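For reference, the chains in residue letters:
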Amino acid sequence: MPIHNSHPSGRHFLQIPGPTNVPDRVLRAMDHPTIDHRSPEFQKLSKKVLSNIKQIFQTQCPVIIYPASGTGAWEAALVNTLSRGDRVLMYETGHFATLWKKMAEKLSLNVEFIGDDWHRGIDSAKIEARLTEDKAHSIKAVCVVHNETSTGVTSNILEVRRAIDKSRHPALLFVDTISSLASIDYRHDEWGVDVSVGCSQKGLMLPPGIALNAISEKAIATSKYANLQRSFWSWDEILEANKNGFWPYTPPTNLLYGLAESCDMLLEEGLENVFNRHQRHAEATRRAVWAWGMQLMCQNPAEYSHSLTAVVMPKDNTGQYYDADKLRRIILRNFNMSLGTGLNKLSGWVFRIGHLGDLNDLTLVGTLAGVEMGFELAGVPYQKGGAQEAVSYLSATIPKD
Ligand SMILES: *Cc1c(COP(=O)(O)O)cnc(C)c1O
């Protein structure tokens, strides 16, 4: 009998690529009376958070914290640095890159979108070619997504940086690190990024509600004369207030307690260990997918994402894909597990397994077993033993202290 009761026992498995599971330590830290955001106690909290979050971005630059979802951080990056009609170069890695492009158009920017097929990451040679051609330097910014959450493809940002440098072009570099921050190695300073866009509910293991911009000197200098309309998102007033540990408006106080805790957890584990943990779980997941006889969206092994895996459903003998959302519904109803849906043009034939944030080997094995049991119940043809492949890989690769 399937488990159709409304209070299933055990924990829900939230295996979507964000929001991710919030660890108990973070929940406890947020379980705190809301305090006066103009008090000395708040000042102490915000100074700690503003300093520790820089380490997560691997930067010495200021990091702006907004009470918003990640979409707000996209907007903040654009409106603080650009002017009406400015040309920006963007790259179609998938659904999130497409959404950012649409936003830039709504903000009256002139977007050039380098098209691609959603199966691979950024071809930086195309960026270099376009910038080299732009002798008049009409392109003001290059905006790219580091880890494309719709496809499970991670682009090489250092290569994009080199492409900009080789073309001797002054364009700013903006990077969406929303689903890579604190899961996949990301280096704001070393990669010469001008604005890094992040948020709370993915690798940082927090509930939704915090948006982040890490901002370079060059980005701050450009913001002085950029004329796009902005008010809530203005960096200058926030930077000014942050000097004393305050905000120009009410900050998300309790989420900041959570952020202080999640930064502590990540820094205690060590960022390198965090990245290795994600890489190992991603590899175990891919081995399960291949053992099932299925394909990944990502077609370039050098670009496999460590934070999520996008799986292509098999086709039936009429050439139709088995329904990915029906599979997801069956898994939710019977096993109380949420998996990511196929976004945009991937709708119905792709599903995504999130393996970022707060999970361990057994959570992952349970997740993969749930997917395999779902195939069985949904009548999706698969080869048995994917979860077993993951078990074998994980037991052979236990990290040594
Ligand atoms: C989740 C996500 C976003 C959107 O963030 P919201 O918090 O939903 O506004 C943007 N970009 C990427 C790559 C994401 O994974």
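Residues numbered from 1 in each chain as written. Predicted model: local features only at pLDDT ≥ 70, side-chain atom pairs only at ≥ 80, totals over all residues. Heavy atoms only, no water.

Turning our attention to the overall build of the protein chain. Secondary structure assignment for the protein chain yields 13 helices and 14 strands. The globule rule puts the C-alpha radius of gyration for 401 residues at 21 Å, and the 22 Å found for the protein chain is close to it. Taking the principal axes of the C-alpha coordinates as reference, the protein chain spans close to 65 × 55 × 40 Å. The buried share among the 401 residues of the protein chain stands at 60%. Carbon and sulfur atoms form 51% of the exposed surface of the protein chain, whose accessible area is close to 17,000 Å². Averaging the locations of the 41 positively and 43 negatively charged side chains of the protein chain gives two centres separated by 2 Å. (Helix = DSSP H or I, 4+ residues; strand = E, 2+ residues; numbered from the N terminus. Rg over C-alpha atoms; globule rule 2.2 N^0.38 Å. Buried < 20%, exposed > 50% of the residue type's maximum accessible area, 1.4 Å probe, protein only. Areas by Shrake-Rupley, 256 points an atom, 1.4 Å probe, with all protein chains shown as cover. Lys, Arg positive; Asp, Glu negative; His and termini not counted. Charge placed at Lys NZ, Arg CZ, Asp CG, Glu CD.)

Here we take up the domain arrangement of the protein chain. If you check the domain split of the protein chain, you get domain 1 (13-20 + 270-396) and domain 2 (24-268). The straight-line distance from the C-alpha centre of domain 1 to that of domain 2 is 28 Å. Taken together, the 28 residues of domain 1 in the interface contact 33 residues of domain 2. Taking both sides of the interface into account, the surface hidden between domain 1 and domain 2 amounts to around 2,500 Å²; carbon and sulfur atoms contribute 59%. Run the count over domain 1 and domain 2 and you get zero salt bridges. Counting the contacts that link domain 1 with domain 2 gives 16 residue pairs in polar contact (both at pLDDT 80 or more). When contributions to the side of domain 1 that touches domain 2 are tallied by element, the ones reaching two or more residues are α10 (271-291) and β12 (308-312). (Domains from an automatic or database assignment. Contact = heavy atoms within 4.5 Å. Buried area = accessible area lost by both parts, 1.4 Å probe. Salt bridge = Lys/Arg side-chain N within 4 Å of Asp/Glu carboxyl O. Polar contact = N/O pair within 3.5 Å; in protein donor to acceptor, adjacent residues only side chain to side chain.)

We now examine the sheet that holds strand β14 (residues 350-354). With antiparallel pairing, the three strands of this open sheet are ordered in space as β11-β12-β14. A single partner strand is all that each edge strand has here, and the edge strands are β11 (295-296) and β14. In this structure, β11 lies alongside β12, joined through two bridges in antiparallel fashion. In the strand pairing of β12, L296 is matched with V311. (Pairing = 2+ DSSP bridges.)

So, on to the sheet that holds strand β4 (residues 110-114). Strand order across the open sheet formed by seven strands is β2-β10-β9-β8-β5-β3-β4, with mixed pairing between neighbours. Only two strands of the sheet have a single neighbouring strand rather than two, namely β2 (63-67) and β4. With strand direction ignored, the average angle separating the axes of adjacent strands in the sheet is 20°. One ladder, built from five bridges, connects strand β5 (residues 139-145) with strand β8 (residues 172-176); its direction is parallel. From the neighbouring strand, C143 faces β8, where its bridge partner is F174. (Axes fitted to C-alpha atoms, helices over the stretch in contact; angles between N-to-C directions.)

This brings us to the side chain of N213. If you trace the backbone, N213 turns up in strand β10 (residues 210-215). Residue classification places N213 among the buried positions, given a relative accessible area of 0%. Other than its neighbours up to four places away in sequence, N213 contacts P62, V63, I64, Y66, A73, A76, A77, V195, S196, V197 and W235.

All right, on to the packing of aromatic side chains then. With the rule as written, the count across this model stands at 12 aromatic pairs. Taking 4.6 Å as the distance between ring centres and 5° as the angle between the ring planes, the aromatic pair formed by F232 and Y249 counts as stacked. Linking F232 in the loop between α7 (217-223) and α8 (235-242) with Y249 in the loop between α8 and α9 (253-269), this pair joins segments that are 17 residues apart in sequence. Take F232: its relative accessible area is 34%, and that puts it in the partly exposed class. On the numbers, 5.0 Å between centres and 25° between planes, the contact of Y321 with W349 is stacked. Of the two residues, Y321 is situated in the loop between β12 and α11 (324-335) and W349 in the loop between β13 (337-339) and β14; the sequence distance between them amounts to 28 residues. Y321 gets classed as partly exposed once you look at its relative accessible area, which sits at 33%. By way of ring pairs, the aromatic residues Y66, F232, W233 and Y249 are connected into one cluster. (Phe/Tyr/Trp six-rings, centres within 6.5 Å; stacked < 30°, edge-to-face > 60°.)

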